[in-house]
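Residue-level structural notes
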Amino acid sequence: MKKTIPLLITFFIGLSLILAVFIPPEPFHTMNREFSVYFDIIAVFAFILGGGNLIRVHGNRIYRKTGDFKYSYVTLIGFFATLIIGIFKIGGPPGIQGEVMAEGSWFRFIFNAILTPLTATMFALLAFYVASASFRAFRAKTTEATILLTAGFIILLGRTFLGHYLTSWLPDTLSFLEIPNLANWIMAWPNTAGQRAIVIGIALGVVATSLRIILGIERSYLGSED
Amino acid sequence: MSILDNLQNLDRRIIFLFIGLAVIVPLIFNLTFPEHPTPIVTAIFDFVESLPEGSVVLMPFDYDPSTAPELDPMATALMRHCLTRNLKVCTMALWPEGQGMANNIFTNVVEPEFPEKVYGIDYVNLGYKAGAQGLINTILLNMRSMYTADTRGTPVDDLPLMKKVITLRDFDLIMNFSAGKPGSKEWIQFAGDPGDIPIASGSTAVQAPLLYPYYPSQMVGMMGGLKGAAEYEAALIEAYPQFKEQTSIATQLMAPQAVAHFVIIIFVIIGNIIYFTERKKKRL
Amino acid sequence: MNLSPLELTLNGILTLMILSFLYKDNPFYKFAEHLFVGVSAAYWMVQGVWQTLMPNLIARITPGLVSSFMPEAADRAPEYHFIIPALFGLLLLTRLLPKGNWLSRWALAFVVGYAAGTNFVRYLQSDFVAQIQSTMLPLLVLRDSGGIDIGQSFSHIVLIVGVFSGLVYFFFSKEHKGVTGSISRVGIWILMITFGASFGYTVMARISLLLGRMQVLMRWIEQIFGIF
């Protein structure tokens with residue numbers, strides 16, 4: 001019951017979606033359409049699950065006073081304030097009937113003034129770390145590393161005006177050696193070749209794994225036996 | 001301690017300071033340099049130029065504020081291009097934050113610069129729906145399975161623009177702005193290939209190399225990162241000079257980008273000099 | 001993006017709080033980090049509820065309940081088969097329960113089965129067949145005016161050899177010796193060029209994100225001090 005029914009569900013859903021591609025008429029067309037809508041709806045419950053888990057983890061931290069539990073208050077206050085403002089569409093002109101992200105609404109304010117700078121700056125930090133990591137770790141120790149480094153330098157220079165100014169003096173017959181042209185060529189041909197090999201390899205892996213999941217050979221998504 | 005020893009044990013905060021200065025100083029001086037569009041970007045521009053007036057373009061905003069510096073300039077330039085060419089624009093999002101990004105483009109670009117364009121007739125915001133590639137699969141078959149109303153609550157059947165749009169196949173171009181998964185790859189896999197719909201991509205520089213295998217047979221063209229945005233802006237300004245003042249956000253950022261790249265290259269070279277010097281010392 | 005003075009001020013303050021981590025971990029960074037976690041989780045939930053759950057589930061099962069604030073549901077007849085995804089969704093939430101959380105496997109099975117079923121065909125079509133098709137290019141490209149286009153021919157050869165040798169490198173069930181080893185070595189070099197290109201683009205991306213934040217900070221400083 002604990003594993004048999006989920007395996008049957010996976011088999012039925014997976015097989016019907018594959019058959020829907022090759023047998024367009026009913027009932028497979030309807031199954032394809034309706035299962036897709038069901039999937040989209042279940043995805044929202046995953047967000048609710050995430051929110052519930054957040055409340056559980058941080059609530060637990062506050063209750064047990066472990067770690068940085070004082071900051072868990074910040075998380076939960078931010079969470080509930082945003083949730084209440086958003087769900088009830090509090091503040092701003094349109095109210096419950098209007099758009100949740102309407103101009104002038106409190107939810108839009110939270111997006112512009114709180115979520116945007118926090119999300120953006122978290123990722124902006126990476127610029128500093130990529131420079132630090134490049135200085136510490138990027139060594140041309142082997143032939144392969146040297147090739148990687150050379151390609152990286154050509155791209156870094158070629159995608160800015162520096163590449164143009166460094167090699168614009170080359171005659172027209174050697175224009176293919178200008179750094180921007182080299183950078184474009186690297187992206188269009190060797191990079192495409194390598195990426196394509198990776199894409200084909202991944203595709204074969206995904207196909208094999210999908211088949212194993214549908215046939216019930218791969219069961220790791222069901223978790224451990226309990 | 002020698003200079004090399006000092007450099008080897010360099011506090012990373014010094015590196016952070018150099019990167020910060022490399023970015024801030026050129027921004028203060030506001031230098032700009034001319035951009036030359038590459039074929040992969042020009043392909044999108046030419047395709048949009050070739051669309052007849054009244055064609056419907058879908059713009060999925062599949063990114064969040066973290067990648068807005070790269071993708072907002074692309075979205076802005078494309079929005080200006082499409083509305084100037086009198087194409088109809090329909091926006092949606094596979095990312096929850098994407099709806100907010102689309103709203104900002106409407107508020108800051110469409111409404112002030114194109115007051116003659118009417119919401120519902122010339123442009124529509126369908127908003128975010130959950131489901132990622134499942135959503136694409138759903139709306140490939142029937143848009144109304146998921147989109148019953150736009151973000152304002154107006155039923156889709158009451159929007160004149162949506163009257164002739166029943167499935168994804170009714171769009172003449174899907175111009176996707178993508179920061180990761182779900183994004184351009186999923187649009188190609190679940191809409192472009194099965195539905196034979198032209199897909200163009202504006203993607204972050206992290207994702208751009210991964211999308212090259214799909215060009216040109218599965219993707220019309222691609223703008224990769226800030227450089228791609230700057231190239232599209234250059235193409236737009238050349239064809240429509242009236243946008244010269246406002247359509248140069250990405251172009252203005254290319255000078256600080258170049259300086260920062262140069263600083264990182266110098267750091268890598270210094271790091272390698274240290275490494276080879278140390279190796280030589282150990283061998284002696 | 002046009003921001004009000006209050007929005008710009010909050011943008012500036014929160015940006016500096018996160019950037020303070022570059023010096024060292026501190027209470028300001030921790031505050032901003034924890035705020036980010038809470039606000040983003042709630043944002044996703046709100047968008048999910050209003051953009052998908054309400055119009056595509058509640059409004060379909062009980063349109064009369066929501067028609068007062070969702071006019072598009074006013075003339076709709078109930079579609080009771082949407083109780084199925086509602087049940088699966090509720091089963092997913094049982095994951096939070098100390099006992100009975102095995103019921104969430106049924107919902108997971110649906111999600112995983114759907115993903116496996118759709119990915120099977122899509123990856124085969126777009127990432128396998130189409131990619132091989134795109135690799136079938138002429139080794140010798142002829143100009144319209146006659147003669148061989150050496151540049152284009154060389155590029156095609158690089159692509160074909162690169163894809164083939166890259167795939168040989170990934171073939172781990174045969175030892176990479178002799179001819180296989182040589183081809184595999186070429187594959188590694190092509191992959192190194194690929195990774196170098198990815199490195200260059202990744203650096204470009206990260207710097208771009210920092211540039212965006214610096215612009216906002218400069219606008220904030222301009223608002224306060226009138227410089228820039």
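Along chain A, the regular secondary structure elements total seven helices and zero strands. When the helices and strands of chain A are placed in sequence order, the string is α-α-α-α-α-α-α. For 226 residues, the compact-globule estimate of 2.2 N^0.38 gives 17 Å, and the C-alpha radius of gyration of chain A, at 27 Å, exceeds that figure by more than 25%. Residues counted as buried form 43% of the 226 residues belonging to chain A. Restricting to contacts in chain A with at least 6 residues of sequence separation, those with at least 24 account for 24%.

Helix and strand content of chain C: seven helices and zero strands. If you list the helices and strands of chain C from N to C, you get α-α-α-α-α-α-α. By the compact-globule yardstick of 17 Å for 228 residues, chain C is too spread out, its C-alpha radius of gyration being 28 Å. The principal-axis extents of the C-alpha atoms in chain C amount to approximately 70 × 60 × 45 Å. A total of 228 residues make up chain C; the buried ones form 46% of that total.

The next subject is helix α2 (residues 27-61) of chain C. Residues and elements named next belong to chain C. Taking 1.5 Å of rise per residue, 35 residues should cover 51 Å, and α2 covers 47 Å from first to last C-alpha, within 8% of that figure. Most pronounced at Leu53, the bend in α2 amounts to some 55°, and the proline Pro55 follows within four residues. Of all 35 residues that make up α2, 26 are buried, and the element is covered over most of its length.

Attention now moves to the interface of chain B and chain C. Counting residues at the interface gives 49 residues for chain B, matched by 40 residues for chain C. Of the residues belonging to the side of chain B that touches chain C, the class tally is 25 nonpolar, 19 polar and five charged.

With that settled, the discussion passes to the pairing of strand β5 (residues 199-203) of chain B. Residues and elements named next belong to chain B. Of all five residues making up β5, five are buried, and the element is well covered by its neighbours. Of the two faces of β5, both are covered, the one formed by Ile199, Ser201 and Ser203 as well as the one formed by Ala200 and Gly202. Pairing of strand β4 (residues 173-178) with β5 involves five bridges; the strand directions are parallel. Bridge pairing in β5 places Ser178 opposite Ser203. At this point the chain moves from β4, through helix α7 (residues 184-195), to the parallel β5, and the crossover so formed is right-handed.

Before going further, it helps to examine the interface of chain A and chain C. The partner chain C presents 97 residues to the 102 residues of chain A that form the contact. At the level of elements, α1 (4-22), α2 (28-64), α3 (69-87), α4 (106-137), α5 (143-158) and α7 (179-214) of chain A are the ones that each hand at least two residues to the side of chain A that touches chain C. A total of 23 residues in the side of chain A that touches chain C trace back to one element, the largest contributor, which is α7 of chain A. In terms of residue class, the side of chain A that touches chain C is built from 71 nonpolar, 23 polar and eight charged.

All names here are of chain B. Counting buried positions over the seven residues of strand β1 (residues 56-62) gives six, a clear majority of the element. Here β1 pairs with strand β2 (residues 88-93) via five bridges, running parallel. Note on β2: the bridge partner recorded for Val56 is Lys88. Crossover connection from β1 via helix α4 (residues 68-84) to parallel β2: handedness right-handed. In the sheet, β1 pairs with β4 via four bridges, with the strands oriented parallel. Among the inter-strand pairings, Asp62 is bridged to a residue of β4, identified as Ser178.

Attention now moves to the confidence of the model for chain C. Looking at chain C, the pLDDT average stands at 92 and 99% of residues meet or exceed 70. Across the predicted assembly, pTM comes out at 0.93 and ipTM at 0.91.

On to the sheet that holds β4 of chain B. All names here are of chain B. Spatial strand order, β3-β2-β1-β4-β5-β6: six strands in an open sheet with parallel pairing. Two strands lie at the open edges of the sheet, namely β3 (123-128) and β6 (222-224), each paired on one side alone. Sheet twist, expressed as the average angle between the axes of neighbouring strands with direction ignored, equals 15°. Relative to β3, β2 runs parallel, the two being bridged by five bridges. Residue Cys90 lies in a different strand from β3, and its bridge partner there is Val124. Sheet strands in contact with helix α3 (residues 39-50) are β4, β5 and β6, and its direction is about 135° off that of β6.

Interhelical geometry of α7 of chain B versus helix α5 (residues 104-135) of chain C gives an angle of 80° and a closest axis separation of 9 Å. What the angle tells us is that α7 of chain B and α5 of chain C run roughly perpendicular. Contacts between α7 of chain B and α5 of chain C involve Ile188, Gln189, Phe190 and Asp193 of chain B on the former and, on the latter, Arg122, Gln125, Ser126 and Ala130 of chain C. Taken together, the residues of the contact of α7 of chain B with α5 of chain C break down into three nonpolar, three polar and two charged.

A few words now on the nonpolar core. Judged by nonpolar contacts, the single largest core of 213 residues is most densely connected at Ile42 of chain A together with Tyr232 of chain B. The element best represented in this core is helix α7 (residues 178-225) of chain C, accounting for 19 residues. Three or more residues apiece are contributed to this core by two domains, here domain 1 (3-30 + 255-283) and domain 2 (39-247) of chain B. The contacts of Ile42 of chain A, once residues within four sequence positions are left out, are Pro85, Phe88, Gly89, Leu92, Ala107, Phe110 and Val111 of chain C.

Within the element layout of this structure, Pro55 of chain C appears in helix α2. Sequence separation between Pro55 of chain C and Trp102 of chain C is 47 residues; the distance between their C-alpha atoms is 29 Å. When residues no more than four places from it in sequence are discounted, the contact partners of Pro55 of chain C are Thr148 and Ala149 of chain B together with Met70 of chain C.

Here we come to the environment of Trp106 of chain C. By the secondary structure assignment, Trp106 of chain C is in helix α5. Measuring from C-alpha to C-alpha, the distance between Trp106 of chain C and Gly89 of chain C comes to 9.8 Å, with 17 residues separating the pair along the chain. What Trp106 of chain C contacts, discounting residues up to four positions off in sequence, is Ile5, Pro6 and Ile9 of chain A together with Phe88 and Leu91 of chain C.

Between Glu26 of chain A and Pro27 of chain A the backbone carries a cis peptide bond, its omega angle lying at 0°. The omega torsion of the bond from Lys181 of chain B to Pro182 of chain B falls at -5°, within 30 degrees of zero and hence cis. Structurally, Pro182 of chain B is set in the loop between β4 and α7. In this model, Asn30 of chain B sits at a positive phi of 55°, which is unusual for a non-glycine residue. For Asn30 of chain B, the location among the structural elements is in the loop between α2 (12-29) and α3.

What follows deals with helix α9 (residues 225-239) of chain B. Compared with the 21 Å implied by 1.5 Å per residue over 15 residues, the 22 Å span of α9 of chain B between its first and last C-alpha is a close match. When you tally the buried positions in α9 of chain B, you get 12 out of 15 residues, the bulk of the element.

Attention now goes to the packing of α7 of chain A against helix α6 (residues 150-169) of chain C. Two elements in contact, α7 of chain A and α6 of chain C, have axes whose closest approach is 8 Å; the angle formed by their N-to-C orientations is 30°. Comparing the axis directions of α7 of chain A and α6 of chain C gives the class roughly parallel. Relative to α6 of chain C, α7 of chain A is oriented so that their crossing is right-handed. In contact with Trp189, Pro190, Thr192, Ala193, Gly194, Arg196, Ala197, Ile200 and Gly201 of chain A of α7 of chain A, α6 of chain C contributes Ser155, Val158, Leu159, Gly162, Val163, Gly166 and Leu167 of chain C. Looking at the contact of α7 of chain A with α6 of chain C, its residues break down into nine nonpolar, six polar and one charged.

About the cut-offs
- Residues numbered from 1 in each chain as written.
- Chains lettered and ligands numbered in written order.
- Predicted model: local features only at pLDDT ≥ 70, side-chain atom pairs only at ≥ 80, totals over all residues.
- Helix = DSSP H or I, 4+ residues; strand = E, 2+ residues; numbered from the N terminus.
- Rg over C-alpha atoms; globule rule 2.2 N^0.38 Å.
- Buried ≥ 20, exposed ≤ 12 C-beta atoms within 10 Å, placed from the backbone.
- Contact = placed C-beta atoms within 7 Å.
- Expected span 1.5 Å × (residues − 1).
- Bend = angle between axes of the 7 residues up to and from the residue.
- Nonpolar A, V, L, I, M, F, W, Y, C, P; charged D, E, K, R; others polar.
- Pairing = 2+ DSSP bridges.
- Right-handed = clockwise from strand over helix to strand, strands pointing away.
- pLDDT = per-residue confidence, 0-100.
- Axes fitted to C-alpha atoms, helices over the stretch in contact; angles between N-to-C directions.
- Parallel < 35°, antiparallel > 145°, perpendicular 65-115°, else oblique.
- Core = buried A, V, L, I, M, F, W, Y, C linked by C-beta atoms within 7 Å.
- Domains from an automatic or database assignment.
- Left-handed = near helix turned anticlockwise from the far one by under 90°.

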